[in-house]
Amino acid sequence: MATDFQTEIASLRRVLDQIEAVTNIPVLKEQIASLTEESAKPDLWDDPDKAQDVTSRLSHAQSELERIRKMEGRIDDLATLVEMAQEESATDPEMGAELIAEAEGELTKLSEDLSAMEVKTLLSGEYDERNAVVTIRSGAGGVDAADFAQMLQRMYLRWAERHGYKTKVMDTSYAEEAGIKSTTFEVQAPYAYGTLSVEAGTHRLVRISPFDNQGRRQTSFAAVEVIPLIETTDHIEIPETDLKIDVFRSSGPGGQSVNTTDSAVRMTHIPTGIVVSMQDEKSQIQNRASALRVLQSKLLQLRHEEEQAKKKELAGDVKASWGDQMRSYVLHPYQMVKDLRTNYEVGNTDSVFDGDIDGFIDAGIRWRQSHKDSDE
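Parameters at a glance
- Residues numbered from 1 in each chain as written.
- Predicted model: local features only at pLDDT ≥ 70, side-chain atom pairs only at ≥ 80, totals over all residues.
- Heavy atoms only, no water.
- UniProt positions renumbered as here; feature names shortened; annotations may be inferred.
- Helix = DSSP H or I, 4+ residues; strand = E, 2+ residues; numbered from the N terminus.
- Buried < 20%, exposed > 50% of the residue type's maximum accessible area, 1.4 Å probe, protein only.
- Lys, Arg positive; Asp, Glu negative; His and termini not counted.
- Salt bridge = Lys/Arg side-chain N within 4 Å of Asp/Glu carboxyl O.
- Phe/Tyr/Trp six-rings, centres within 6.5 Å; stacked < 30°, edge-to-face > 60°.
- Lys NZ or Arg CZ within 6 Å of the ring centre and 35° of its normal.
- Pairing = 2+ DSSP bridges.
- Contact = heavy atoms within 4.5 Å.
- Axes fitted to C-alpha atoms, helices over the stretch in contact; angles between N-to-C directions.
- Patch = residues over 30% accessible without salt bridge, like charges linked within 9 Å, V, L, I, M, F, W, Y side chains within 5 Å.
- Areas by Shrake-Rupley, 256 points an atom, 1.4 Å probe, with all protein chains shown as cover.
- Charge placed at Lys NZ, Arg CZ, Asp CG, Glu CD.

Under an unreviewed UniProt entry, the name given to the protein is Peptide chain release factor 2, and the organism recorded is Arcanobacterium wilhelmae. The annotation that UniProt attaches to the protein under Function (unreviewed entry) is "Peptide chain release factor 2 directs the termination of translation in response to the peptide chain termination codons UGA and UAA." Turning to the protein, the UniProt annotation filed under Subcellular location (unreviewed entry) states: "Cytoplasm".

1. As for unusual backbone geometry
Put simply, H332 and P333 share a cis peptide bond, and its omega is 10°. Here P333 is to be found in the loop between β9 (327-330) and β10 (336-339). The phi dihedral of N24 is positive, around 60°, even though this residue is not glycine. Inspection of the secondary structure puts N24 in the loop between α1 (5-23) and α2 (25-39).

2. Here we look at the side chain of D128
In this fold, D128 is placed in the loop between α4 (93-120) and β1 (132-138). Despite its burial, D128 pairs with no opposite charge, the nearest such side chain being R368 at 4.6 Å.

3. A short note on the packing of aromatic side chains
Both the distance between ring centres and the angle between the ring planes are used here to describe each pair of aromatic rings. Considering all chains together, one arrives at 4 aromatic pairs under this definition. Each ring, one from F148 and one from Y329, has its centre 5.5 Å from the other, and the planes form 70°; the classification is edge-to-face. Of this pair, F148 sits in helix α5 (residues 142-163) while Y329 sits in strand β9, placing them 181 residues apart in sequence. There is no split in this pair, since F148 and Y329 are both buried. Through successive ring pairs, a cluster of aromatic residues spans F148, Y329 and F353. Above the plane of the ring of F248 lies R266, whose end atom (NZ or CZ) is 4.4 Å from the centre. Taking NZ or CZ as reference, R341 lies 5.6 Å from the ring centre of W367, over its face.

4. Considering the sheet that holds β10
On the basis of which strands lie adjacent, the open sheet formed by 8 strands has the order β2-β3-β1-β5-β4-β9-β10-β11 and mixed pairing. Strand pairing shows two members of the sheet lacking a second neighbour, β2 (166-174) and β11 (345-346), which therefore form its edges. Two strands pair when backbone bridges link them, and strand β4 (residues 201-208) and strand β5 (residues 217-228) are joined in this way by 8 bridges, in the antiparallel orientation. Bridging across to β5, L205 finds its partner in S220. On the sheet, α5 packs against β1, β2, β3 (180-188), β4, β5 and β9 and is oriented at approximately 45° with respect to β5.

5. A look at a negative patch on the surface
A contiguous patch of negative charge, built from D43, D46, D47 and D49, is present on the exposed surface. Among the secondary structure elements, D43 is positioned in the loop between α2 and α3 (48-91).

Here it is in structure tokens:
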């Protein structure tokens, strides 16, 4: 059946109009003007942290506006291409067919790109704009679980690398035989928390264990936690009396010493029992500051979860958290990665473990939004 380009292009324009309405173009332009003025101040770099924040927000706002403008241009170009194809078909059917095929390819690509843009407009939570702190912990499954946790760490770091996002591994606890017990890393990107927060939950791996000399199938688990990174404006005060701080020597795989000083820090928040370890920085002071910031982020997240739980209690909501056992990675007897919430699945497991997880993330964001809408 021939493609109804007129209907399809009209549909694309409606979706773009909705995206522009949610993005609020006039406000975005005002933000760009304000941040441009601020970035031009001669004393901006007297405070490097503030300067980096201003330039980062300006770059993000400019790229958002540019992305919408480019999308408008691409839709206009498609409409022009379709007109040319129709005119050409009357005099040169072969050339007309080639142009129509080109238009169909661009229509498919436009629909995919516009769908990805639409997903971004669903990130409107209180902390969605923040950088993300991701913690992965191995669960049941022994050495296979530790190996699985490391596979997940690589998957997320490769995902960030694919998008050009900066990452910083803040702490890693290595397992004795293989893999890791836990790891914590930061993803530095606009809306990193809102994007990655749908990855939180229990992940399950089914495969023939490479650590079992009898070649038996093994099921193992790993937990993924995602929190927004604290900002100086959040004011999460922690009394010194609520903290227990231990220092120890940083270590790498196999117990090898990374340095010869007791620079690593383990910080325990006594009232909640939350423990944060940091060993990425070279000095104890830097590790202590990083640990405190992540602890503040965890307490901020805990406060937010308690507020949400209270709201659900008042509303009589007794549904289980969507974050529990949310994805299954099966490598044997068949190959399939499937999200148990959205039913989104991919047969190419190698690409998923290499960081190709945008389809899962987009489906998760849409799933979360649909549940928010049904709860309201």
